[in-house]
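Take a look at the letters that make up each chain.
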Amino acid sequence: MSVAASSVGDMNAMGVRWMAGQVLALAPDDASRKAGSKLGTAGPWSGTGRGEGAVWGLCKGSGGAPYRTVVDTTGPAYACSCPSRKFPCKHALGLLLLQASDPTSFDDAAAAPDWAGQWLAGRRERADSAARRAETGAPAGATADPEAARRRAERRAARITAGARELEQRLADLLRGGLATAEQTGYGLWEETAARMVDAQAPGLAGRVRELGAIPGSGPGWPVRLLEECALTHLLDRAWLAADRLPPDLAATVRSRVGLTAPADGSPVRDHWHVLAQYDTADARLTTRRIWLHGATSRRTALLLSFGAAGRAPRLAFPVGALLDGELTPHPGSGRLRAEPGERFAPVAGPAAPPPGGPVGAALDAYGRALGDDPWLDAWPVTLRDVVPARAEYGWQLADADGREALPLTPAAQSRPGLWRLVALSGGAPVTVFGECGHRGFTPLAAWSPEAPGETVPLI
Amino acid sequence: MDTTTTASTPPTGRPEDTGDESARAWEELVTSALLGTDRRPPAALAGTAAGSLPGALLDEAALHTVRRRAGLRPGAAVAPPEPAPEDPRGPLPAAAGIRLEQLLAGRASPSPSGRRGAAPDLAELLPQWLALANELGYKAPPAALPALLDAARARTDLRPQALRLAGPRGLWLARLNPEWRFALRGTGAGGNLPSPDDPEGVRSLWDEGLFAERVALLAAVRTRDPAAGLALLASTWSAERAEDRLMFLDSLRTGLSGADEEFLEAALADRSRNVRATAAELLSALPASALAGRMAGRAATCVGLDRTAGSPRIAVEAPHECDAAMERDGLVAVPPAGRGERSWWLGQLVEAAPLSCWPARFGGRGPEEIVALPVADDWRAELHAAWCRAAVRQRDADWSRALLGSPAAPPATGPGTSSLAERGRLLSMLPAEERARWVASFVAAHGLSEAFQLLGVCDVPWAEPLGAAVIDALDIARDAGSYPWSFSGVMGLAERCLAPAAARQLESLTALPDEAEDVSPGAGGYWSEAFQRLVSTLRLRAAMRAELTGEHAAAGTYGA
């Protein structure tokens, strides 16, 4: 009883402390997770304190002066005087872990020292002014000269149009000579075309072209996959060239697929968001972080994207399994899946139940419907309810508990360690699984067992 | 190019229900695309101008692709795996579950460049954590099983405890992944040993099982009921192969008692020399056995009080031959190279003779007095070494204590043996508390440089005064100006074995001392770092224990 009472007290004072598992889920990679764990003990820390939704402390490193670490847990946002480019750095993780495991080592009464207080004040001020802007209805990125902005946008659209025409020409040449030649010409030609699309300021087209270049080396059945992807790229070119005649939503989808980032202009949705999954994909240029959220009341699934330059972790990080109170603003297009998080995201207490789900057939239906809004979708977020992982001849599948229908896992998901966590969690019995369902199969991202429905088990 | 469905492609790869018509049209598009519209214009697009053919083909292909993707249907489900057996043990407290994941994640990352910073070494704490979790009867969280099995695969020393925590679901999982096949070894038929209370199951596995299964079965039965284990072994003894007999005989060490004597006595006539030697060794561990009696008789003819001397001393007359009867009782006749055969025989005789026979032989003296007696003709080392081995084999605390002597005496001059490894073995014959006291006095008298092996046999956590003695000795070593890595072995032990409460005593040592002139440069900083690691490891161990035992709730995690 005393525990419950103290947790309520915690909540009133400064929002709920994060649990160790949630903190570890914030780590940008395994190395930081391990390094952070090691700093999660009182040993290296001094001057630790907390208040008003923030924690701070001094961490003794190998050098002379200790690092100054402060975390705004309502963000979450971090600042640390260490030179690490990881985000959050191991000191911020260690500080949060220490708070999770040993709250008595924090001084609740002390005011934040100057170095922490200034940073916090600056952050809060920005958040407040953003909120005021939202109230008064002024657009966030309002520019001084709308006329100049319009001219810039027109110039860029013209370059993209030129790029799309050029790409169309390359595709036509390829089809005329036959895809079989694509195997011989190799990656170089595609790489060059991709560079042309970057010049045309159409990163979406450039990305597609790079993927086309990789298909001939992707194993048996590549001509089918290459034709499919060429056809969809052609469809995107055509759609861009005719964008002014498309319905507004589809036009927005096309613009974002081509690579024009439109500001999130939907009406903000405030909810308790359940963090379902967070994972990074990286190529030589960019690390892309995807965070899946599900709103308890709105029943909306949302995708947050965050990017980091080559080798750097993206700045946005949410703890998987947590329930966060905050506002999301949807981007236009692509089924309005992608959203932008507001400045403040505060953890709230209470177990987060898995999103309501359905059988595997319903998951494929949902993907099929979503293709109507965005034919370029590779996968759609779905929750499968009561499914059992089973091994078929071709690999693992997720089968409805009634034993009739099943979805295969994607080839990539077959070889991830997360597969074994899923199998272990199931133990041959039905579980609830969240993931991405698409034409390549199903990618499991999180799972819940009936014994512990409040515990989100990350699978990636 | 074959793009049709085969049995091995996933169901959504190429579904049948898009219709044969559509499938044929798609194949034609793929063929045209592959060969080029110049060479092979698609029939479906007849009438299209050659210049627009590529675009028209791509239009058509896009339509097919999106239609196919939108119309994907699930495939047929295969038979699900057999459900994992129920595990009645309770789940870990939430905080302990998170700790386990951290320990398992930290396992794979030894600190870079081998330097140990001020942070605890998580991999070293895993064995303790597993032992305590098992002691408290928890089961592993299912999602942690893959990492747990990986850890057990990489470190054989973790296997027994890790597999115990993993339990039936761990074995269920291991059967699905060849990388974890090790987990099924040694547990018999995939962990499905019949219960020792199921005579028919035991009988049939014993008669038909593989060797490893039978060894595991015998060990399980013997642990539960020594007499039943012996009966099981005796029932097929004469038909077993020699190397199997040796392994089976070894399992009688568990629960060894006078009831086994008859069987062992018979095994002294075994065809295999190794079996004979093992039987003799087991019998000599039973001081009341006939073999022990025969050995006592032989030893008595070789070792006794010297009647000719003025003051009492021990006279030794080593055996002149090793006869057939001695060989039958397990004596090895041929000494290793470089040893005289008479002293070799003497050593074996004394080692196998029951220690209880000596007080009568030496006029009612107790072990301490006997060990203190001078020995004639340089036989002392040989005789005491044999007594040491006998004390360990017969698990005799009184003789072990006598042979260890006073902890304050320099190791080289004490009775018994100067070998630290053998002293460690003698120590483990003493009750835990006495052991800790003895080692504490040893550390206080001689410092830490020779204490490593002795500390290793003490129970964890170290009982007082042992903990205080080690901390004092570390403090003295620091003040003496040596570097901490000269003591890294003891430091590592202290991190794992000191009682967590000692952290308070250590706190003052973590401060960076002023650099004195006469010490090694920089040593102070390294010591402070080493003590910091020690303190934070102790704190961590206290936290780990609290999480597992449930005392953690008082420290205030939310969500009960």
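Parameters and conventions
Along every chain, residues carry numbers that run from 1 in the direction the sequence is written. Chain labels run from A onward and ligand labels from 1 onward, assigned in the order the entries are written. Under the rules for a predicted model, residues below a pLDDT of 70 receive no local features and side-chain atom pairs below 80 are neither given nor counted, while totals for whole chains, interfaces and linings still include all residues. The side-chain quantities take in all heavy atoms of the structure and omit both hydrogens and water. The way it works is that DSSP assigns letters per residue, a run of H or I at least four long becomes a helix, a run of E at least two long becomes a strand, and they are numbered from the N terminus. The cut-offs for exposure are 20% and 50% of the maximum accessible area for each residue type, with area from a 1.4 Å probe on protein chains only; residues under the lower value are buried, those over the upper are exposed, and the others partly exposed. Two residues qualify as a contact provided that any one of their heavy atoms is within 4.5 Å of a heavy atom in the partner residue. Computed with the Shrake-Rupley method and a 1.4 Å probe, the accessible areas treat only the protein chains shown as cover for residues. Defined here as a combined quantity, buried area equals the accessible surface (1.4 Å probe) lost by two parts on assembly, summed across both. Any Lys or Arg side-chain nitrogen located within 4 Å of an Asp or Glu carboxyl oxygen qualifies as a salt bridge. The definition of a polar contact used here is a pair of N or O atoms within 3.5 Å, where within protein one atom must be able to donate a hydrogen and the other to accept one, and adjacent residues in sequence count solely through side-chain atom pairs. Criterion used throughout: strands pair if DSSP finds at least two bridges between them. An automatic or database domain assignment supplies the residue ranges for each domain. In the scheme used here, Gly and all other residues not listed as nonpolar or charged are polar, with Ala, Val, Leu, Ile, Met, Phe, Trp, Tyr, Cys and Pro taken as nonpolar and Asp, Glu, Lys and Arg as charged. Known as pLDDT, the predictor's per-residue confidence is scaled from 0 to 100. None of His or the chain ends enter the tally, which takes Lys and Arg as positive and Asp and Glu as negative. Nonpolar cores are built from buried Ala, Val, Leu, Ile, Met, Phe, Trp, Tyr and Cys residues. Side-chain atoms within 4.5 Å join them into one set. Expected span of a helix: the number of residues minus one, times 1.5 Å. For helices, the axis comes from a line fit to the C-alpha atoms of the stretch in contact; other axes are also lines fit to C-alpha atoms, and the angle between any two N-to-C directions lies between 0 and 180 degrees. Note on ring pairs: Phe, Tyr and Trp rings are taken, using the six-membered ring of Trp, and paired if centres are within 6.5 Å. Classes follow the plane angle, with under 30 degrees stacked, over 60 edge-to-face and the rest tilted. Whether a charge sits over a ring comes down to the Lys NZ or Arg CZ being within 6 Å of the ring centre and within 35 degrees of the ring normal.

K.L.:
Requested: an account of the overall build of chain B, with residues and values cited.
P.N.:
Helix and strand counts for chain B come out as 26 helices and five strands. Out of the 560 residues in chain B, the part that is buried amounts to 46%. Looking at chain B alone, contacts between residues at least 24 apart form 68% of all its contacts between residues at least 6 apart. For chain B, the exposed area adds up to about 25,800 Å²; of that, 54% sits on carbon and sulfur atoms.

K.L.:
So, the interface of chain A and chain B: which residues are in play, and what are the values?
P.N.:
Listed as interface residues are 75 residues of chain A and, on the opposing side, 75 residues of chain B. Buried area between chain A and chain B, both sides added, is near 6,200 Å², and the carbon and sulfur share of it is 66%. Counting the surface chain A buries against chain B, the share from its top three residues, A:Lys38, A:Arg176 and A:Trp420, is 10%. Connecting chain A to chain B are seven salt bridges. Residues B:Arg68 and A:Glu228 are paired through a salt bridge, measuring 3.2 Å at the closest nitrogen-oxygen approach. Put simply, chain A and chain B have 23 residue pairs in polar contact (both at pLDDT 80 or more) between them. A per-element tally of the side of chain A that touches chain B places helix H10 (residues 222–241) of chain A first, with 12 residues. Examined bridge by bridge, strand E12 (residues 405–408) of chain A and strand E1 (residues 75–76) of chain B share two bridges and lie antiparallel to one another. Along E1(B), the bridge assignment pairs A:Glu405 with B:Ala76.

K.L.:
Any chance you could break down the domain arrangement of chain B for me, citing the residues and the numbers?
P.N.:
Frequently, the measure chosen for interface size is the accessible area that the parts lose on association. Domain boundaries assigned for chain B yield domain 1 (16–70), domain 2 (91–103 + 124–184), domain 3 (199–286), domain 4 (287–411) and domain 5 (431–550). In this structure, domain 1 of chain B and domain 2 of chain B have C-alpha centres spaced 55 Å apart.

K.L.:
Kindly report on the domain arrangement of chain A, identifying the contributing residues and their values.
P.N.:
Residues and elements named next belong to chain A. Along its sequence, chain A is organised into domain 1 (2–134), domain 2 (157–258), domain 3 (269–347) and domain 4 (360–458). Put simply, the middle of domain 2 and the middle of domain 4, counted by C-alpha atoms, are 30 Å apart. Taken together, the contact pairs 10 residues of domain 2 with six residues of domain 4. Across the domain 2/domain 4 interface, buried area totals approximately 680 Å², and carbon plus sulfur atoms make up 57% of it. A salt bridge links Arg 257 to Asp 374, with the nearest nitrogen and oxygen atoms 2.6 Å apart. Secondary-structure elements contributing two or more residues to the side of domain 2 that touches domain 4 are H10 and helix H11 (248–258). Residue contributions to the side of domain 2 that touches domain 4 peak at five residues, all from H10. The residue inventory of the side of domain 2 that touches domain 4, partitioned by class, reads six nonpolar, one polar and three charged.

K.L.:
Provide a residue-level description of the confidence of the model for chain B, including the pertinent values.
P.N.:
All names here are of chain B. Looking at chain B, pLDDT values average 82 and 88% of them are 70 or higher. Within the model, pLDDT remains below 50 along residues 1–17, and this stretch shows 32 contacts once partners closer than five positions in the same chain are excluded. In the predicted assembly, ipTM is 0.78 and pTM is 0.75.

K.L.:
Which residues make up the side chain of B:Asp396, and what are the values?
P.N.:
Residues and elements named next belong to chain B. The topology assignment puts Asp 396 in the loop between helix H18 (380–393) and helix H19 (397–404). Despite being buried, Asp 396 has no salt bridge partner; Arg 401 is the closest side chain of opposite charge, sitting 7.3 Å away. Not counting the four nearest positions on each side in its chain, Asp 396 is found in contact with Leu 355, Ala 391 and Met 429.

K.L.:
How would you summarise the nonpolar core if you had to cite specific residues and measurements?
P.N.:
With 101 residues, the main nonpolar core has B:Trp358, B:Trp387, B:Leu455 and B:Trp462 as its most contacted residues. In this structure B:Trp358 touches B:Ala299, B:Val303, B:Val350, B:Ala353, B:Ile370, B:Trp387 and B:Trp399, once residues within four positions along its chain are discounted. Listed in part, the 80 residues of the second largest apolar core include A:Ala370, B:Trp129, B:Leu148 and B:Ala152.

K.L.:
Mind laying out helix H12 (residues 273–284) of chain B, listing which residues take part and the relevant values?
P.N.:
All names here are of chain B. A rise of 1.5 Å per residue sets the reference length of H12, with its 12 residues, at 16 Å; its end C-alpha atoms lie 16 Å apart and thus fit the reference within 8%. Listing the buried residues of H12 in full gives Val 275, Thr 278, Ala 279, Ala 280, Leu 282, Leu 283 and Ser 284. Those residues of H12 hidden inside the fold are in contact with helix H10 (242–250), helix H11 (261–267), helix H13 (290–302), helix H15 (341–352) and H18. A side-chain oxygen of the first residue of H12 lies 3.3 Å from the backbone nitrogen of Asn 274; this N-cap is Ser 272.

K.L.:
Could you give an account of the sheet that holds E12(A), naming the residues involved and the relevant values?
P.N.:
The antiparallel open sheet is built from seven strands, whose spatial order is E15(A)-E14(A)-E13(A)-E10(A)-E11(A)-E12(A)-E1(B). A strand with exactly one partner marks an edge of an open sheet, and here the two such strands are strand E15 (452–458) of chain A together with E1 of chain B. Packed on one face of the sheet, helix H12 (residues 360–373) of chain A meets strand E10 (379–392), strand E11 (395–400), E12 and strand E13 (431–438) of chain A and runs near 150° to E10(A).

K.L.:
Give a description of the pattern of salt bridges that names residues and reports values.
P.N.:
Under the definition given, this model contains 50 salt bridges over all chains. Measuring nitrogen to oxygen at the nearest pair gives 3.1 Å for the salt bridge that ties B:Asp398 to B:Arg401. Residue B:Asp398 and its partner B:Arg401 are located together in helix H19, separated by three residues, close to a single helical turn. B:Asp398 sits in the partly exposed class, given a relative accessible area of 45%. In this structure, B:Arg401 engages B:Glu434 in a salt bridge whose closest nitrogen and oxygen atoms are separated by 2.4 Å. Of this pair, B:Arg401 sits in helix H19 while B:Glu434 sits in helix H21 (residues 432–446), and the two are 33 residues apart along the sequence. When its relative accessible area of 30% is taken as the criterion, B:Arg401 is described as partly exposed. Salt bridges sharing common partners tie together A:Arg208, A:Glu228, A:Glu229, A:Asp378, B:Arg68 and B:Arg69.

K.L.:
Which residues make up the packing of aromatic side chains, and what are the values?
P.N.:
Residue and element names in this part refer to chain B. Evaluation of the coordinates by the stated rule reveals 11 aromatic pairs over all chains. Ring centres 5.7 Å apart and planes at 55° place the aromatic pair Phe 211 and Phe 248 in the tilted group. In this pair, Phe 211 sits in helix H8 (residues 211–224) while Phe 248 sits in helix H10, placing the two residues 37 residues apart along the sequence. On the basis of relative accessibility, which here comes to 32%, the residue Phe 211 falls in the partly exposed class. Aromatic pair Trp 358 and Trp 387: ring centres 5.7 Å apart, planes at 70°, arrangement edge-to-face. Linking Trp 358 in helix H16 (residues 358–361) with Trp 387 in helix H18, this pair joins segments that are 29 residues apart in sequence. Just as Trp 358 is buried, Trp 387 falls in that class too. Here a set of aromatic residues connected by ring pairs shows up, and it is made of Trp 358, Phe 362, Trp 387 and Trp 399. One cation-aromatic arrangement involves Arg 214 over Trp 206; the distance from NZ or CZ to the ring centre is 4.1 Å.

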